[in-house]
Amino acid sequence: NPKVLLFVEGHCDERGAASFNMSLGTRRSNSVRTNLVNSGINPDRVFTVSFGYERPLVMGHTTDAWKENRRAQFKLYWR
């Protein structure tokens, strides 16, 4: 659908420095974007953003929480 914009959010767990996690989130979201574009999605409609560890999905200091927080998440917007 040409009216849909896709934002790929890169997220990390709480471990590591904030600057490292922001960079890691950027690499994560860019990797997903590259795969989507290579699959045929119009690159003018796919955007990336990194939140580092600022928006955890799961609160906690366990390996399970860390695993859930390392992710790429999609947000769709209609223009």
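The structure this text deals with has already been given above.
Here the structure is a predicted model, which is why all the values come from computation and not from measurement.

When you look at the sheet that holds strand β2 (residues 46-52) in this model, what are you seeing that I'm missing?
One open sheet accounts for three strands, arranged β2-β1-β3; its pairing is mixed. The two strands at the open ends of the sheet, each matched to only one other strand, are β2 and β3 (71-78). Across this sheet, the average inter-strand angle for adjacent strands is 25 degrees, counted without regard to direction. One ladder, built from six bridges, connects strand β1 (residues 4-11) with β2; its direction is parallel. Directly across from Leu-6, in β2, lies its bridge partner Val-46. Across the sheet, helix α1 (residues 18-38) touches β1, β2 and β3, and the angle it forms with β2 is around 155 degrees.

So what exactly am I meant to see when it comes to the packing of aromatic side chains here?
How two aromatic rings sit relative to each other is set out by the distance from centre to centre and by the angle between their planes. Considering all chains together, one arrives at two aromatic pairs under this definition. Chaining the aromatic ring pairs together yields one cluster made of Phe-7, Phe-47 and Tyr-77. Geometry around Phe-51 places Arg-55 over its ring, the cationic atom sitting 3.8 Å from the centre.

Each value, and the rule that gives it
Residues numbered from 1 in each chain as written. Predicted model: local features only at pLDDT ≥ 70, side-chain atom pairs only at ≥ 80, totals over all residues. Heavy atoms only, no water. Pairing = 2+ DSSP bridges. Helix = DSSP H or I, 4+ residues; strand = E, 2+ residues; numbered from the N terminus. Axes fitted to C-alpha atoms, helices over the stretch in contact; angles between N-to-C directions. Contact = heavy atoms within 4.5 Å. Phe/Tyr/Trp six-rings, centres within 6.5 Å; stacked < 30°, edge-to-face > 60°. Lys NZ or Arg CZ within 6 Å of the ring centre and 35° of its normal.

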